Amino acid sequence: MRIAIISPASLPATQFGGILFVAVHIAKIAVKEKHKATIYTTDLDFANNATTFNKNLPREEDVDNFKIKRSHVWFSKKLFFVNPGMFLQMLNDDYDIIHSIGIRSFQSLVGAIISKIKKIPLVISDEGGLTTHPDLKKDFASTVLYKLQAPILKFIINQSSAVIAANEYEKKIFSEFCDEAKIVIVRNGVDLDILNTEKIDIKKKYNIDSFILFLGRFNKVKGIDVLINAINLIKNNSEFKKTQLLIMGVDFGYEEEMLRLIEEYNLQDKIKVIKNPSRKEVISAYNESEFLVLPSRWELSPLTPLEGFAFKKPVISSNVHGIPYTVTHNVNGILVEPENHNELANAITELLTDKNKCVAYGNAGYNLVNSICNSTIMSKETLKVYEKTISR
């Protein structure tokens, strides 16, 4: 098969998150299975923020035997990146199927139009919450954009031949827009090759001892304020005496408030913040952490817990939206009610004081990614969807 994969961002902008990694993983496995894969995307660089577009990035690049084709973003609003050059790229190329990931995007609109013009089947997956993400209607500008996108979403979904959902939660969201028979569940997966990635001594580099890890965007949706309040509750506890919280990520509008809160509670000695970490630093932090704490107010099908599981690290997270389909309470982690910093503080203390439980939950998490939620299985299941869609 000749596969066109559409994503709002691709390498080197790894901090963009799940959509990028899903696209890259599928492309990597596709070429290993003797298919041809091209990712059509923007020139998002993510050097220091979510809106750095770099004309100096190659327009076309070979990565791990698949291609990345970039076109420049003329302007953007929120995470809606407008790169008209992608239309001509796709119009002039040949492929058997289009897979658009992250459908609230200009790129997905282009993919749907190309699908209609060239009569090529379209597969879509979202990874972004479609209607449930809190940021979609958090202010007037977001609400206006949300409403303007409604007819675009309808067109993209109607044009698609198949819809891939990451779990039952996302399937339910999509079922409000199309026939359930059109929807296939393919669980998200992480690349277990990260275990072999070159690592650094993160503790030595940043002068920290034992630490628990938060990794994610600096965004209020991620529950960073709840986590800081929880740390403030236990900062003087004996169980937390030799442990710090390591916060790693990139700013999505909450960094200033986060730092203010840390200072207000005088937690500078207990919380270390690493801004814009390299991928090597992220992998090293997974490897050296005690466990992950991800108290999000919303997630669809998060990849960060799965990457933690790859390193046999348990995860504390919130019992909300799509998270319970990844983190199972008292199996591979602990789920707490969102917004509840007291319950979160208790969960952190529980894992800090019970190493056997940490090991058991970490092993269970590893078994999940080793047997089901890895990029090889995810990609091969996705390829089956492509083949079935083409054969109709």
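Structure first, text after, so check above.
Treat the numbers as computed from the prediction; the structure is a model and nothing was measured. (Residues numbered from 1 in each chain as written. Predicted model: local features only at pLDDT ≥ 70, side-chain atom pairs only at ≥ 80, totals over all residues. Heavy atoms only, no water.)

## Things to note about the overall build of the protein
The number of helices and strands found in the protein is 13 helices and 16 strands. By the compact-globule yardstick of 21 Å for 392 residues, the protein fits well, its C-alpha radius of gyration being 21 Å. A principal-axis box enclosing the C-alpha atoms of the protein has dimensions of 65 × 40 × 40 Å. Within the protein, buried positions represent 57% of all 392 residues. Taking the intrachain contacts of the protein between residues at least 6 apart in sequence as the baseline, contacts between residues at least 24 apart amount to 71%. The protein carries 49 positive and 45 negative side-chain charges, and their two centres are separated by 3 Å. (Helix = DSSP H or I, 4+ residues; strand = E, 2+ residues; numbered from the N terminus. Rg over C-alpha atoms; globule rule 2.2 N^0.38 Å. Buried < 20%, exposed > 50% of the residue type's maximum accessible area, 1.4 Å probe, protein only. Contact = heavy atoms within 4.5 Å. Lys, Arg positive; Asp, Glu negative; His and termini not counted. Charge placed at Lys NZ, Arg CZ, Asp CG, Glu CD.)

## Notes on a nonpolar patch on the surface
Together, Leu88, Leu91 and Ile117 make up a nonpolar patch on the protein surface, roughly 260 Å² of accessible area in all. Assignment of secondary structure puts isoleucine 117 in helix α3 (residues 106-118). Classification of isoleucine 117 by relative accessible area gives partly exposed; the value is 47%. (Patch = residues over 30% accessible without salt bridge, like charges linked within 9 Å, V, L, I, M, F, W, Y side chains within 5 Å. Areas by Shrake-Rupley, 256 points an atom, 1.4 Å probe, with all protein chains shown as cover. Salt bridge = Lys/Arg side-chain N within 4 Å of Asp/Glu carboxyl O.)

## Comments concerning the packing of aromatic side chains
What describes a pair of aromatic rings is the distance from one ring centre to the other and the angle between the planes of the rings. Under the criterion given, the structure shown has 5 aromatic pairs. Geometrically, the ring pair formed by phenylalanine 53 and phenylalanine 81 is edge-to-face, given 5.1 Å between the ring centres and 75° between the ring planes. Pair noted here: phenylalanine 53 is in the loop between β2 (36-42) and β3 (60-63) and phenylalanine 81 is in strand β6 (residues 80-82), with a separation of 28 residues, a long-range link. The exposure class of phenylalanine 53 is buried, given its relative accessible area of 19%. Grouped by ring-pair contacts, the aromatic residues Phe16, Phe53 and Phe81 constitute a single cluster. Lying over the aromatic face of phenylalanine 16, arginine 217 brings its terminal NZ or CZ to 5.6 Å of the ring centre. Over the aromatic face of tyrosine 366 sits the side chain of lysine 312, whose NZ or CZ is 5.1 Å from the ring centroid. (Phe/Tyr/Trp six-rings, centres within 6.5 Å; stacked < 30°, edge-to-face > 60°. Lys NZ or Arg CZ within 6 Å of the ring centre and 35° of its normal.)

## Remarks on the nonpolar core
In this structure, Ile231 and Ile348 are the most contacted members of the largest nonpolar core, which totals 99 residues. Those residues within four positions of isoleucine 231 in sequence are excluded, and the remaining contacts are Ile212, Phe240, Leu245, Leu267, Lys270, Ile271 and Ile348. Judged by nonpolar contacts, the second largest core, of 33 residues, contains Met86, Leu122, Ile156 and Ile157. (Core = buried A, V, L, I, M, F, W, Y, C linked by side-chain atoms within 4.5 Å.)

## What about the pairing of strand β9 (residues 162-165)?
The alternating pattern of β9 places Ala162 and Ile164 and Val163 and Ala165 on opposite faces, both of which are buried. The sheet contact formed by strand β8 (residues 122-125) and β9 spans 3 bridges and is parallel. Among the inter-strand pairings, valine 123 is bridged to a residue of β9, identified as alanine 162. Inspection of the sheet shows β9 paired to strand β10 (residues 183-185) by 3 bridges, in the parallel sense. Within β10, the position partnered with valine 163 by the bridge is isoleucine 183. (Pairing = 2+ DSSP bridges.)

## Concerning the side chain of serine 71
Tracing the backbone shows serine 71 in strand β4 (residues 66-71). On the basis of relative accessible area, serine 71 is assigned to the buried category, the value being 6%. Polar side-chain contacts of serine 71 include one of 2.8 Å to the side chain of asparagine 83. Not counting residues within four places of it along the chain, the set of residues in contact with serine 71 comprises Thr41, Thr42, Asp43, Arg59, Asn83, Gly85, Met86 and Gln89. (Polar contact = N/O pair within 3.5 Å; in protein donor to acceptor, adjacent residues only side chain to side chain.)

## Here's the deal with helix α8 (residues 255-264)
Helical geometry: 3.6 residues make up each α-helical turn, so side chains three or four residues apart lie on a common side. Listing the buried residues of α8 in full gives Glu255, Met258, Leu261 and Ile262. One side of α8 holds all its buried residues, which, seen down the axis, span an arc of 130°. For α8, the exposed residues set more than 90 degrees away from the buried face come down to Glu256 and Glu263. As for α8, its buried residues are in contact with α7 (224-234), β12 (243-249) and β13 (271-275). Once α8 finishes, asparagine 266 follows within two positions and takes phi at roughly 55°, a positive value. (Arc of directions from axis to C-beta.)

## What about helix α2 (residues 85-92)?
Taken together, the buried positions of α2 are occupied by Met86, Gln89 and Met90. Within α2, the buried residues cover an arc of 90° as seen down the axis, which keeps them to one side. Residues of α2 that are exposed and point over 90 degrees away from its buried face: Leu88 and Asn92. The inward-facing, buried residues of α2 contact β1 (2-6), β2, β4, β7 (97-101) and α3.

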